[in-house]
Amino acid sequence: MRMPHVRSVTMGVWVWSGTRFEPSGSPGIAHFLEHAVFKGTERRNAYQIALSIESLGGYLNAFTGRELNCYVARVMDSHLPVAVDVIGDLLQSSRFDPQEIEKEKTVVIEEIHGLEDNPEDLVSELYANLIWQPHPLSRPILGNAASVSSFTRSDLVAYLADRYRNGRIHIIAAGCVDHDGLADLIRDQYDFPGDSREPGPDDQPDSNGARKRVLSKEVSQVHLCLGGIGLPYSHPSKYALFLLNAVLGGGMTSRLFQKIREEAGLAYSIYSDLEFCRDTGQICISAGVDPKDAQRTIDLIRHECRVLCEQPVPEDELRDTRSQLVGGLYLSLEETGSVMNRLARAEIYENAYSSLDETVRKLEEVTASEISEMANILFTPENTYLTAVGPVSDGDITL
């Protein structure tokens, strides 16, 4: 998307290569591959890769999700050819030097240890594992120390050849960019094998029935995640879900923030969040509280969820929440990275682009009764899950 009022471009190369597509015996290989491609190509060593973008004042990074890998560069518009070249070099000409792979194993294992030492991140990982177990979506994105230690050069080469194929790669850019010019650069420099346009098997996850998991850990707070399975990205009711999430825990005026932080004084941080996949999703309410307040906080969260099920959102609250979401959308248009991400999700999951006006119209069409209907779908007893990490045992809290 061209944004003529800026001088920068953010480009993302998105690949259907996230955690759910990993071989069953190789958890974490999608994330490890994302690390490994930065360790050197036929033309550049690791330092030269970083220097090629940072010396221009730009930004180069990557991330791994449950379904997608993304390689991101943000540069001045005149430097876009360099960004295209560098990311193409990473993904098509990485050397996967065995010595560099061994060093990077230590780096990633330390990243895993960092997550294990961070109860707020750990409880979210346990939550995804709980609600989607035993589906591949439930796997930890970072993998585990044993699996990471086992990866070989041939494992990485094979995984890249299997997943990084022409039909599974989307290239999205936003900023001061010309579409035809970018297309020419990509056409000249990017050539991945195959033409498969299917991301992989469409095996919708189904929970194994467990609804609570508690991990005892000697930290100051109990970190909680409570919620359930949500909607896929392309679901037509997602706009009602956006509004429900904002009403429930989307900011300082949300019900959870007001009830649990402002009125009860139980938590510094309390919010709800959404995650979308191609055939499923999740809603997660997160909080960190004193151990003695954990059960009371759970009870208050569930009470607010029941209120959404039983009582339509008042019109003035719904109006203000719509205004909050619409304002956030307009503000996001000022940042090329946000625009690129929005375009990418629409292209990848819906093969379509919704203008901002169309998105605002769909939000305005959502009624209070539709939000109540959505709450009654999401917050059923059989779709309510809880994970907790902190100085508590399984018997200390109930769902």
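See the structure shown above.
A brief look at the structure comes next. (Residues numbered from 1 in each chain as written. Predicted model: local features only at pLDDT ≥ 70, side-chain atom pairs only at ≥ 80, totals over all residues. Heavy atoms only, no water.)

Some details on the packing of aromatic side chains
In this description, a pair of aromatic rings is defined by centroid distance and the angle of the planes.
Move 1: Considering all chains together, one arrives at eleven aromatic pairs under this definition.
Move 2: Ring centres of Phe-32 and Phe-151 lie 5.6 Å apart, and the angle between their planes is 50°; this geometry places the pair in the tilted category. Of this pair, Phe-32 sits in helix α1 (residues 29-36) while Phe-151 sits in the loop between α6 (145-150) and α7 (153-163), and the two are 119 residues apart along the sequence. When sorted by exposure, Phe-32 lands in the same class as Phe-151, which is buried.
Move 3: Arranged with centres 6.2 Å apart and planes meeting at 80°, the rings of Tyr-190 and Phe-192 form a pair that is edge-to-face.
Move 4: Taken together, the ring pairs in this structure connect Trp-16, Phe-21, Tyr-233, Tyr-239, Phe-242, Phe-276 and Tyr-349 into an aromatic cluster.
Move 5: Directly above the ring of Tyr-233 sits Lys-238, whose terminal nitrogen or CZ lies 3.7 Å from the centroid.
Move 6: Sitting over the face of the ring of Trp-16, Arg-278 holds its NZ or CZ atom 6.0 Å from the ring centroid. (Phe/Tyr/Trp six-rings, centres within 6.5 Å; stacked < 30°, edge-to-face > 60°. Helix = DSSP H or I, 4+ residues; strand = E, 2+ residues; numbered from the N terminus. Buried < 20%, exposed > 50% of the residue type's maximum accessible area, 1.4 Å probe, protein only. Lys NZ or Arg CZ within 6 Å of the ring centre and 35° of its normal.)

Things to note about the environment of Val-219
Move 1: Along the polypeptide, Val-219 turns up in the loop between β5 (212-216) and β6 (222-229).
Move 2: Along the chain, Val-219 and Pro-119 lie 100 residues apart, while their C-alpha atoms are 8.0 Å from each other.
Move 3: Setting aside anything within four residues of it in sequence, one finds Val-219 in contact with Pro-119, Gly-390 and Pro-391. (Contact = heavy atoms within 4.5 Å.)

Quick look at the sheet that holds β6
Move 1: Judged by pairing direction, the sheet is mixed, and its five strands sit side by side in the order β5-β9-β6-β8-β7 without closing on themselves. Since the sheet does not close on itself, it has two edges, and those belong to β5 and β7 (267-276), each with one partner. For this sheet, the mean angle separating the axes of adjacent strands, direction not counted, is 10°.
Move 2: With eight bridges joining them, β6 and strand β8 (residues 281-289) adopt antiparallel strand pairing. (Pairing = 2+ DSSP bridges. Axes fitted to C-alpha atoms, helices over the stretch in contact; angles between N-to-C directions.)

So, helix α13 (residues 336-350)
Move 1: Over its 15 residues, α13 extends 21 Å from the first C-alpha to the last, a length consistent with the 21 Å expected when each residue adds 1.5 Å.
Move 2: Every buried residue belonging to α13 is among Thr-336, Gly-337, Val-339, Met-340, Leu-343, Ala-344, Ala-346, Ile-348 and Tyr-349, and all of these are buried.
Move 3: Buried residues belonging to α13 abut β1 (8-15), β3 (69-76), β4 (169-175), β7 and α12 (315-332).
Move 4: A distance of 3.1 Å separates the backbone nitrogen of Gly-337 from a side-chain oxygen at the start of α13, and that oxygen is part of Glu-335. (Expected span 1.5 Å × (residues − 1). Polar contact = N/O pair within 3.5 Å; in protein donor to acceptor, adjacent residues only side chain to side chain.)

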